[in-house]
Amino acid sequence: MLKLWRWYQRCLTVHPVKTQVISSGFLWGFGDVTAQYITHSTAKPRLLRLTDTNKDVVDRDAEFKVNWKRVAITSMFGFGFVGPVGHFWYEGLDKFMKLKLRYAPKTTRFVAAKVAMDGLIFGPVDLLVFFTYMGFATGKNTSEVKEGIKRDFLPALALEGGAWPLLQIANFRYVPVQYQLLYVNIFCLVDSAFLSWVEQQKDAAWKQWFTSFQPLKERGGQGRV
């Protein structure tokens, strides 16, 4: 592990963008495999309710099979967006705080400002790009993508909004700048699994609680209360 860590440090020093792009792609792909397994595991109890006459169907459906096409699609999001955009975002955010706002590093004001900007700007943009990309990449048309965003965006934003600020406080306060991207990438493994899981939940009942706050006229067109 120590050799692996030193190798990563060398790669990050010599090729920072390339290293973040590659690591993000692999982490997001692995996260999607995890999300598929979680979705499969939560669906298994429903399969087991079938009668014994359908035992062969249960056994066949209960086997976990990775959807490698979906893994590739999700990995490309890590390669094409999270890696490069995340790298320049965190580097630029740090420089903005130090050079433009002239906040002293690791102070309460410095950390709070970074957490606020990250949560208000990068977080929502990241979610919007993810759900838009996943929709088109899986063959949906424009109207289907819009419906998917309406269904998934607010639940994901609300749930992530409770976790990421706490993680980023520790990141911006204690982690050296050169390793902040690695810190984010590690938690992106969990984040990618979470977002993939949210996207795969379709019209789950817990999502409808968020959409219930939409205007009555807008909900009426969807045929749901």
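The shown structure was predicted, so the numbers you read here are calculated from the model rather than taken from an experiment. (Residues numbered from 1 in each chain as written. Predicted model: local features only at pLDDT ≥ 70, side-chain atom pairs only at ≥ 80, totals over all residues. Heavy atoms only, no water.)

A. Representation of the UniProt feature "transmembrane region" (unreviewed entry) in the chain. With numbering aligned to this structure, UniProt lists the feature "transmembrane region" (unreviewed entry) at residues 71-90 and 110-133. With 100% helix and 0% strand, the stretch residues 71-90 has end C-alpha atoms that lie 26 Å from each other. Helix makes up 100% of residues 110-133 and strand 0%, and the two end C-alpha atoms of the span are 33 Å apart. (UniProt positions renumbered as here; feature names shortened; annotations may be inferred. Helix = DSSP H or I, 4+ residues; strand = E, 2+ residues; numbered from the N terminus.)

B. Representation of unusual backbone geometry. Although it is not a glycine, arginine 102 adopts a positive phi angle of roughly 60°. Its identity as a non-glycine residue notwithstanding, lysine 106 has a phi of 70°, on the positive side. Checked against the element boundaries, lysine 106 lands in the loop between α4 (68-100) and α5 (108-137).

C. Fine view of the nonpolar core. Of all hydrophobic cores here, the largest spans 31 residues; its most connected members are Trp28, Tyr90, Phe130, Phe131 and Leu195. At the level of secondary structure, the elements contributing two or more residues to this core comprise α4, α5, α6 (142-161), α7 (164-174) and α8 (177-200). Examining the composition of this core, we find that 9 residues originate from one element, α5, more than from any other. (Core = buried A, V, L, I, M, F, W, Y, C linked by side-chain atoms within 4.5 Å. Buried < 20%, exposed > 50% of the residue type's maximum accessible area, 1.4 Å probe, protein only.)

D. Molecular detail of the pattern of salt bridges. Counted under the stated rule, the structure contains 5 salt bridges. Here lysine 114 makes a salt bridge to aspartate 94, at a shortest N to O gap of 2.9 Å. Residue lysine 114 is found in helix α5, and its partner aspartate 94 is found in helix α4; the two are separated by 20 residues along the sequence. By the burial criterion, lysine 114 is buried, and aspartate 94 matches it. Glutamate 147 is paired through a salt bridge with lysine 150; the nearest N and O atoms lie 4.0 Å apart. Taken together, the residues span about one helical turn, with glutamate 147 and lysine 150 both in helix α6 at a distance of 3 residues. Within the structure, one salt-bridge network assembled from shared partners comprises Asp94, Lys98 and Lys114. (Salt bridge = Lys/Arg side-chain N within 4 Å of Asp/Glu carboxyl O.)

E. Structural view of the packing of α4 against α5. α5 packs onto α4 with a crossing angle of 160° between their chain directions and a minimal axis gap of 11 Å. The orientation of α4 relative to α5 falls into the category roughly antiparallel. Every pair of crossing elements has a handedness; the one defined by α4 and α5 is right-handed. By residue class, the composition of the contact of α4 with α5 is 22 nonpolar, 2 polar and 6 charged. (Axes fitted to C-alpha atoms, helices over the stretch in contact; angles between N-to-C directions. Parallel < 35°, antiparallel > 145°, perpendicular 65-115°, else oblique. Left-handed = near helix turned anticlockwise from the far one by under 90°. Nonpolar A, V, L, I, M, F, W, Y, C, P; charged D, E, K, R; others polar.)

F. Representation of the side chain of aspartate 118 within the structure. When you line up the elements, aspartate 118 lands in helix α5. As a buried residue without a salt bridge, aspartate 118 has its nearest oppositely charged side chain in lysine 114, at a separation of 8.9 Å. In this view, aspartate 118 contacts Trp89, Tyr90, Gly123 and Gln168; residues no more than four positions away in its chain are not counted. (Lys, Arg positive; Asp, Glu negative; His and termini not counted. Contact = heavy atoms within 4.5 Å.)

G. Layout of the side chain of serine 24. You can see serine 24 is positioned in helix α2 (residues 16-48). Among residues more than four places away in sequence, those in contact with serine 24 are Gly78, Val82, Gly83 and Asn185.

H. Spatial organisation of the confidence of the model for the chain. With 79% of its residues at a pLDDT of 70 or more, the chain shows a mean pLDDT of 82. Mean pLDDT across the elements of the chain bottoms out in helix α10 (residues 216-220) (48) and peaks in α5 (94). Taken as a whole, residues 219-225 scores under 50 in pLDDT and shows 12 contacts with residues more than four places along the chain or in a different chain. (pLDDT = per-residue confidence, 0-100.)

I. Looking closely at the packing of α5 against α7. Two elements in contact, α5 and α7, have axes whose closest approach is 9 Å; the angle formed by their N-to-C orientations is 135°. Comparing their axes, α7 and α5 come out oblique. Considering how the two elements wind past one another, α5 and α7 form a crossing that is right-handed. Taking contact as the criterion, the partners of Phe110, Val111, Lys114, Val115 and Asp118 in α5 are, on α7, Pro165, Gln168, Ile169, Phe172 and Arg173. Its residues assigned to classes, the contact of α5 with α7 comprises 6 nonpolar, 1 polar and 3 charged.

J. Summary view of a nonpolar patch on the surface. A cluster of nonpolar residues, Met1, Leu4 and Trp7, forms a patch on the protein surface that exposes about 420 Å² of accessible area. Secondary-structure assignment places methionine 1 in the segment before α1 (2-14). Take methionine 1: its relative accessible area is 82%, and that puts it in the exposed class. (Patch = residues over 30% accessible without salt bridge, like charges linked within 9 Å, V, L, I, M, F, W, Y side chains within 5 Å. Areas by Shrake-Rupley, 256 points an atom, 1.4 Å probe, with all protein chains shown as cover.)

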